[in-house]
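Coordinate analysis (summary)
The chain contents come next:
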Amino acid sequence: MTDELDLLRAADPVSATEGPWRDRPLDARAERGLNQLLHTSRRRARRRVVLWAEAAAVALAAVLVLTLPDLAATSATAAPRALHPRAGSAAVPLAEVAVRARAAARDGEPGLRRGSHVRTWSLPAESGPRAEPPARPPGAPARPPHTPAGLRAYLADAYDRGAGRRSGPLTTDQLLDALPRLLDTWTPGARERAALARVLADTEGLRPAGAITDRLGRSGQAYVHRSRGAGDDELRRMLILDPGTGTVLGLEVMFTKAQPRSGARAGDVMTYSAWRRD
């Protein structure tokens with residue numbers, strides 16, 4: 001072992017006592033250079049740590065966005081935007097829808113079914129933590145008839161909650177307001193759909209407005225009625241139908257005038273319902 005160390009020392013081309021590379025204390029310039037090198041290395045190391053920490057924070061934020069509910073977005077989208085028919089689209093008259101619905105109901109299928117699938121939203125009358133959700137009418141109405149005259153009387157009775165005090169036919173607003181009381185409890189069959197389409201076609205004030213995509217992504221036809229509600233409320237009621245079968249897809253009520261008392265703006269949705277069979 002000693003012989004090998006001697007050989008290594010003899011092979012060392014740098015002298016420890018002579019020449020420019022000899023071992024000796026660093027002068028001032030060399031000392032300063034060494035300090036700068038060490039300080040710069042530490043600063044770069046710290047910067048790498050900070051950058052890594054920032055990148056980790058960004059990655060964590062991205063994971064949270066993907067996995068946790070976005071409360072701000074939920075709050076912002078709690079009030080839905082009003083639906084609008086597609087500009088320039090062809091409008092199908094209600095009389096034509098009634099004819100198509102009657103043709104589709106020749107075999108009587110599908111049949112009437114108790115119960116429904118519905119998605120609803122309503123602008124509460126009050127705001128704040130103590131505000132109560134909008135109430136739905138209790139009870140289940142009797143089985144709806146499948147003739148236009150019978151269904152018109154049925155809707156009038158549903159609107160009046162069975163009071164039997166009505167002396168005249170339902171107005172357009174009242175008819176549209178009565179529809180959810182039918183459709184939230186029953187899923188009309190082909191014959192009931194045809195009867196309802198004829199009732200709607202014989203109702204004045206429902207204007208065809210063109211094709212529209214409803215809140216469940218379905219294509220339909222929009223029929224609009226503008227009216228004055230309670231007080232100074234100016235409302236647009238929009239009914240959405242499947243033009244081939246007369247199926248009611250949705251109903252939306254929108255403010256057309258700002259409401260200072262409730263804070264609602266023109267164009268805000270007051271309520272909507274979207275129904276589906278399956």
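Located above this text is the structure these notes cover.
Below is a summary of the structure that appears in this document. (Residues numbered from 1 in each chain as written. Predicted model: local features only at pLDDT ≥ 70, side-chain atom pairs only at ≥ 80, totals over all residues. Heavy atoms only, no water.)

What to know about the overall build of the chain
- Looking only at helices and strands, the chain has 7 helices and 8 strands in total.
- Every one of the 278 residues in the chain was classed for burial, and the buried ones make up 29%.
- In the chain, once contacts between residues fewer than 6 apart in sequence are set aside, the share between residues at least 24 apart is 62%.
- With the model as given, the accessible surface of the chain reaches about 18200 Å², and the carbon-plus-sulfur share is 56%. (Helix = DSSP H or I, 4+ residues; strand = E, 2+ residues; numbered from the N terminus. Buried < 20%, exposed > 50% of the residue type's maximum accessible area, 1.4 Å probe, protein only. Contact = heavy atoms within 4.5 Å. Areas by Shrake-Rupley, 256 points an atom, 1.4 Å probe, with all protein chains shown as cover.)

Some details on the environment of Arg152
- Structurally, Arg152 is set in helix α5 (residues 148–159).
- By relative accessible area, which is 33% here, Arg152 ends up partly exposed.
- Between the alpha carbons of Arg152 and Val199 there is a distance of 6.6 Å; along the sequence they are 47 residues apart.
- Here Arg152 is in contact with Val199 and Asp202, once residues within four sequence places are set aside.

Concerning the side chain of Glu252
- Counting through the fold element by element, Glu252 comes out in strand β7 (residues 248–255).
- Residue class for Glu252 comes out buried when judged on its relative accessible area of 2%.
- Only 2.4 Å separates the side chain of Glu252 from the side chain of Arg215, close enough to count as a polar contact.
- Within the structure, Glu252 has its side chain in polar contact with the side chain of Arg236 (distance 2.9 Å).
- Those residues in contact with Glu252 that sit more than four places away from it in its chain are Arg81, Ala82, Leu83, Arg215, Arg236, Arg237, Met238, Val269, Thr271 and Tyr272. (Polar contact = N/O pair within 3.5 Å; in protein donor to acceptor, adjacent residues only side chain to side chain.)

Looking at helix α7 (residues 190–201)
- With 12 residues, α7 extends 16 Å between its outermost C-alpha atoms, agreeing within 8% with the 16 Å of an ideal straight helix rising 1.5 Å per residue.
- Among the residues of α7, those classed as buried are Ala190, Glu192, Arg193, Ala194, Ala195, Leu196, Ala197, Val199 and Leu200.
- On its buried face, α7 sits against α4 (94–104), α5, α6 (172–183), β6 (234–241) and β7. (Expected span 1.5 Å × (residues − 1).)

Describing the packing of aromatic side chains
- What the rule picks out here adds up to 0 aromatic pairs.
- Sitting over the ring of Tyr272, Arg215 keeps its end group 4.3 Å from the ring centre. (Phe/Tyr/Trp six-rings, centres within 6.5 Å; stacked < 30°, edge-to-face > 60°. Lys NZ or Arg CZ within 6 Å of the ring centre and 35° of its normal.)

Observations concerning the packing of α4 against α7
- Where α4 meets α7, the axes come as close as 8 Å, and the angle between the chain directions of the two elements is 165°. Taken together, α4 and α7 sit at an angle that is classed as roughly antiparallel. In the packing of α4 onto α7, the handedness of the crossing is left-handed. Here α4 contributes Leu94, Ala95, Val97, Ala98, Ala101, Arg102 and Ala104 to the contact with α7, which in turn contributes Ala190, Arg193, Ala194, Ala197, Arg198, Leu200 and Ala201. (Axes fitted to C-alpha atoms, helices over the stretch in contact; angles between N-to-C directions. Parallel < 35°, antiparallel > 145°, perpendicular 65-115°, else oblique. Left-handed = near helix turned anticlockwise from the far one by under 90°.)

Considerations on the pattern of salt bridges
- Within the structure shown, the criterion is met by 9 salt bridges.
- Of the charged contacts in the structure, one is a salt bridge between Arg100 and Glu96, with a shortest N-O distance of 3.1 Å. In this pair, Arg100 and Glu96 are both assigned in helix α4, 4 residues apart and thus about one turn of the helix distant. (Salt bridge = Lys/Arg side-chain N within 4 Å of Asp/Glu carboxyl O.)

Here's the deal with the sheet that holds strand β5 (residues 219–228)
- The 6 strands lie next to each other as β2-β8-β7-β6-β5-β4, forming an open sheet whose pairing is antiparallel. Two strands in the sheet have a free side with no partner beyond their single neighbour: β2 (117–122) and β4 (207–213). Averaged over all pairs of adjacent strands, the angle between their axes in this sheet comes to 20°, without regard to strand direction.
- With 6 bridges connecting them, β4 and β5 associate as antiparallel partners. Its bridge partner being in β5, Thr213 is matched across the sheet by Ser219.
- Where α6 meets the sheet, its contacts fall on β5, β6, β7 and β8 (269–276), and the angle it forms with β6 comes to roughly 50°. (Pairing = 2+ DSSP bridges.)

Re α4
- Every buried residue of α4 is accounted for by Leu94, Val97, Ala98 and Ala101. Down the axis of α4, the buried set is contained in an arc of 100°. They therefore lie on one face.
- Check the buried side of α4 and you find it contacts α7, β5 and β6. (Arc of directions from axis to C-beta.)

Notes on the nonpolar core
- Leu155, Leu200, Leu239 and Leu241 are the most contacted members of the largest nonpolar core, which totals 27 residues.
- When contributions to this core are tallied by element, the ones reaching two or more residues are α4, α5, α6, α7, β6 and β7.
- Top element by residues in this core is α6. It accounts for 6 residues.
- Those residues in contact with Leu241 that lie beyond four places of it in its chain are Leu94, Val97, Leu200, Gly220, Gln221, Tyr223, Gly246, Thr247, Val248 and Leu249.
- With 7 residues, the next largest nonpolar core counts Leu83, Val224, Met238 and Leu249 among its residues. (Core = buried A, V, L, I, M, F, W, Y, C linked by side-chain atoms within 4.5 Å.)

Geometry only, nothing functional implied.
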